[in-house]
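# Analysis of the macromolecular model
Here's the letter readout for the chains.
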Amino acid sequence: MPPKKLHAAIICSPGVGHLVPVLLLARRLITHHNLHVTILAVTTTTSTAESQLLTQFTAGIHLPVIKIPAADISSVVSPDAKVVKKLCAMMRETVPTICNTMSSMDPRPDVLIGDIFSTESWVIAEKFGMPKYVFITGNAWFTGLFTYSLVLDKKVEGQYVDQKEPLEIPGCKPVWPEEIVDPMLDRDDEDYRVYLNQALGVTLADGMLINTWENLEPQSLHALRNNEILTSCVKNTPVYTVGPITKKYEPVGLKNDVIEWLDKQPESSVIYVSFGSGGTLSSEQITELAWGLEMSRKRFVWVVRPPAEHINNGSFFKYGESNGEADYDYLPEGFLTRTENMGLVVSSWAPQVEILNHVAVGGFLTHCGWNSTLESINSGVPMIAWPLYAEQRMNATMLTEELKVAVRPEVLEAKKVVGREEVEEMVRCLMEGEEGKTMRENVKKLKKEAELARSVTGSSYISTCRFIADCWSRIHRSM
Ligand code: UDP
């Protein structure tokens, strides 16, 4: 009889940025490690983009995806609550449905994996006696700050943003107040309490899978494993590196309008501009960006969304939905006509990985979501780091200061507007300057390292094997 396959259930919270890495992790566990995986995807709406992703990522393998409708949170959270609070409430209120679904699964999963919004589901793992692991779709430096926030909360007085010195995370690169993650920006906001609770949930997992690789973040990984970060918050949790978990480019032969347009452009001549699945800009910022792109006289593909004035993740719950016929009346007058021969404007959603891998693309202006960041590295494309929300300011710092594969605007605060001259200058620097050339060389080296890490003898492959061995040993111990 063949040995029993390990059956992992992965719980995924709403959002394309969460679904993409979960689908990819599942694929990797199935194809490279012979696991049986079921995804329990909590969904709010099913967008076209999401349906396409599900079809694309489950093709050719047995990967059941059970869609779990997100619980109605209108009676527990106010409509103006921020994203973290909404997501956590949604996931908490959905726990009973997830639990019912899990009880009726046959065979019942052996192990539970949840993303950082799913830690309320640990009660399910406990109920069924399963080991539980958290899948952190961000990087190790972020994980360091995230888990150590439990200690910082006790150590630091006053608002983090008002600190004059960077926040020290033992063994890690310190984090400057202006780089901290969104929920830490205001300690009096209820999102901050929700965030701390999430951090606690993460430290209660039996292990962490992080979407990074050993060579990319040796310092932060060492700190997570050997220093005070995790031991100071509850216990010493094993840390496994599984990255880069990212979409691989596979030419499908089917072309869409963007790819056909790119086919006609010279090599490395186009900058791709996109702010992820949920990023939005104010109308003033859209105007400045449009002028900056036009003034740079470089070719571009720009995924635009209507402006949102007070938030920068305005379309997070509506990812990938275009508003029917796009009218671009929020773009500067005459912009589309004047840039007709040099740029392409796309409404809401574009095939990002295909675009980044196109030979005509030479740069990426990105909001630094970790998936987008990894996709750019995987495609060997240098970046303009334009962080908007979540942990993106830390990602931007890592890309510019440590990895030297990106330039970024001077101002860090999300509320400030980046002017057209600065946009023009950054685009030129990336697409034609010496600095851009060096960044291109650096990112190509990183691409090679990433490929190596996930190859069969690579560090992430070995780390994933260790994670599986850990699952088995916990399962056997609990028998
Ligand atoms: N994405 C895409 N087309 C778009 C916008 C986003 O395919 O027009 C994909 C992108 O390739 C990435 C994910 O959506 O895999 C966005 O994840 P990320 O972590 O970069 O940002 P988030 O949307 O979570 O802020």
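Residue positions within a chain follow its written sequence, with the count starting from 1. Only residues with pLDDT of at least 70 get local features here, since the model is predicted, and only at 80 or more are side-chain atom pairs given and counted; chain-wide, interface and lining totals rely on the full set of residues.

### Quick word on the site of the ligand
In this analysis a residue is considered near a molecule or strand if the C-beta atom, reconstructed from its backbone, is found within 6 Å of that molecule or strand. What surrounds the ligand is a group of 18 residues, the closest being G17, G276, S277, G369 and S372. Among the secondary structure elements, those contributing two or more residues to the shell around the ligand are α1 (16-33), α12 (352-356) and α13 (370-379). When residues are sorted by character, Ala, Val, Leu, Ile, Met, Phe, Trp, Tyr, Cys and Pro go into the nonpolar class, Asp, Glu, Lys and Arg into the charged class, and all the rest, Gly among them, into the polar class. The class makeup of the residues in the shell around the ligand is 7 nonpolar, 10 polar and 1 charged. In this text, helices come from DSSP runs of H or I with a minimum length of four residues, and strands from runs of E with a minimum of two, each type numbered from the N-terminal end.

### A closer look at the environment of T38
Inspection of the secondary structure assignment puts T38 in strand β2 (residues 36-43). For T38, a count of 20 C-beta atoms within 10 Å puts it in the buried group. Those residues in contact with T38 that lie beyond four places of it in its chain are A9, P64, I66, M105 and P109. Three exposure classes are used, based on other C-beta atoms lying within 10 Å of a residue's own C-beta, which is placed from the backbone: buried for 20 or more, exposed for 12 or fewer, and partly exposed in between. Note on contacts: each residue gets a C-beta atom placed from the backbone, and two residues are in contact if those atoms are within 7 Å.

### As for the domain arrangement of the chain
An automatic or database domain assignment supplies the start and end points of every domain. Each assigned domain of the chain is listed here: domain 1 (7-247 + 456-478) and domain 2 (257-451). Using C-alpha coordinates to define each centre, domain 1 is positioned 27 Å away from domain 2. Taken together, the 29 residues of domain 1 in the interface contact 28 residues of domain 2. Looking at which element gives the most residues to the side of domain 1 that touches domain 2, the answer is α1, with 4 residues. Its residues assigned to classes, the side of domain 1 that touches domain 2 comprises 12 nonpolar, 12 polar and 5 charged.

### Quick look at the environment of P332
Looking at where P332 falls in the secondary structure, it is placed in the loop between β9 (299-304) and α11 (335-338). A residue is classified by how many C-beta atoms lie within 10 Å of it, and P332, with 17 of them, is partly exposed. For the pair P332 and Q352, spaced 20 residues apart in the sequence, the C-alpha separation amounts to 25 Å. Ignoring any residue separated from it by four or fewer positions in sequence, one finds P332 in contact with T287, A290 and W291.

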